[in-house]
Amino acid sequence: MHVEFLLEETSAEEALKAILPKILGLNNTWTIHAHQGKRDLLAKLENRLKGYSRWLPEDSVIVVLIDEDRRDCLALKQRLENTALVAGLGTSSHHGRRDRIQVVNRIAVEELEAWFFGDMEALLTAYPRIFRRLDREAPYRDPDAIRGGTWEALARVLKRAGYLRESLSKIEVARTVSRHMDPRRNKSRSFCCFRDALGRLQ
């Protein structure tokens, strides 16, 4: 199987570089295409999918991963599903002309960094000065329910632990944490939906 990943930003690309081999193994291949933010991805998505519809091989699938960013999750998912349908590609809710799933749409709730909070062991290994019982504090017990932006929450945690410098970027954090992540133990529901969707494709 080959997977084409369409992402909204480079930090997600860096995270997936480390995570995908742990989910997809060595028998599958993938290509990652990062965009310049959500607006850029959504603006280009229909044309990209129409392009894929003309050549996508039988053993290939497209995965679109986008942050919720405090939007209506169901409405955002429906927008992605409708875009695939207009392009003539099948999804889990509508198999399309070829009667198979060609596009898998997944949403990180509310942002990618919730996936890092979902694997507290990876986060603590990457940044060991973080409070060891952080996941027992009320704001962090449910990674997908963290309010006010998960990147902002993670930045506060890193600053409190003495890590946050002006040069510490989302890309650097994604690269550092993801290399320690174990997809089997993640507590983020949106990560588990992503992981399980990839598992069903194999």
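Presented here is a report on the structure given in the accompanying data block. (Residues numbered from 1 in each chain as written. Predicted model: local features only at pLDDT ≥ 70, side-chain atom pairs only at ≥ 80, totals over all residues. Heavy atoms only, no water.)

### Let's talk about the pattern of salt bridges
No. 1: A full pass over the atoms with the stated rule returns 13 salt bridges.
No. 2: Between Glu14 and Lys17 there is a salt bridge whose closest N-O contact spans 3.1 Å. Placement of the pair is Glu14 and Lys17 together in helix H1 (residues 10–24), with a separation of three residues, close to one helical turn.
No. 3: Accessibility expressed as a relative area gives 45% for Lys17, which makes it partly exposed. (Salt bridge = Lys/Arg side-chain N within 4 Å of Asp/Glu carboxyl O. Helix = DSSP H or I, 4+ residues; strand = E, 2+ residues; numbered from the N terminus. Buried < 20%, exposed > 50% of the residue type's maximum accessible area, 1.4 Å probe, protein only.)

### Describing unusual backbone geometry
No. 1: For the peptide bond that leads from Val109 to Glu110, omega is -10 degrees, which places it in the cis range.
No. 2: Along the chain, Glu110 falls in the loop between strand E4 (103–108) and helix H4 (113–118).

### Considerations on the nonpolar core
No. 1: Counting residues in hydrophobic clusters, the biggest one holds 47 residues, and the most contacted among them are Phe5, Phe117, Tyr127 and Phe194.
No. 2: Take this core: its biggest share by element is seven residues, from H1.
No. 3: What Phe194 contacts, discounting residues up to four positions off in sequence, is Phe5, Leu16, Leu20, Ile23, Val63, Leu65, Arg106 and Trp115.
No. 4: Residues Leu42, Ile62, Val64 and Ala84 belong to the second largest nonpolar core, which totals 18 residues. (Core = buried A, V, L, I, M, F, W, Y, C linked by side-chain atoms within 4.5 Å. Contact = heavy atoms within 4.5 Å.)

### With respect to the packing of aromatic side chains
No. 1: Under the criterion given, the structure shown has seven aromatic pairs.
No. 2: On the numbers, 5.5 Å between centres and 45 degrees between planes, the contact of Tyr52 with Trp55 is tilted.
No. 3: On the accessibility criterion, Trp55 (47% relative accessible area) is partly exposed.
No. 4: Through successive ring pairs, a cluster of aromatic residues spans Phe5, Trp115, Phe191 and Phe194.
No. 5: Positioned over the ring face of Tyr163 is Arg129, at 3.9 Å from the centre of the ring. (Phe/Tyr/Trp six-rings, centres within 6.5 Å; stacked < 30°, edge-to-face > 60°. Lys NZ or Arg CZ within 6 Å of the ring centre and 35° of its normal.)

### Quick word on the sheet that holds E4
No. 1: The parallel open sheet is built from four strands, whose spatial order is E2-E1-E3-E4. Pairing within the sheet leaves two strands with one partner each, and these edge strands are strand E2 (29–34) and E4. On average, each strand axis in the sheet is inclined to that of its neighbour by 20 degrees, with strand direction left out of account.
No. 2: Taken together, the six bridges between strand E3 (residues 60–67) and E4 define a ladder with parallel strand orientation. Residue pairing across strands places Val64 opposite Asn105, the latter belonging to E4.
No. 3: Its contacts with the sheet put helix H3 (residues 73–86) on E3 and E4, and the angle it makes with E4 is roughly 160 degrees. (Pairing = 2+ DSSP bridges. Axes fitted to C-alpha atoms, helices over the stretch in contact; angles between N-to-C directions.)

### Some words on helix H6 (residues 150–160)
No. 1: Along H6, the residues classified as buried are Thr150, Trp151, Ala153, Leu154, Ala155, Val157 and Leu158.
No. 2: On the buried face of H6, the contacting elements are H4, helix H5 (120–126) and helix H7 (170–178).
No. 3: Note on H6: the residue one or two positions beyond its end, Gly162, has a positive phi of about 85 degrees.

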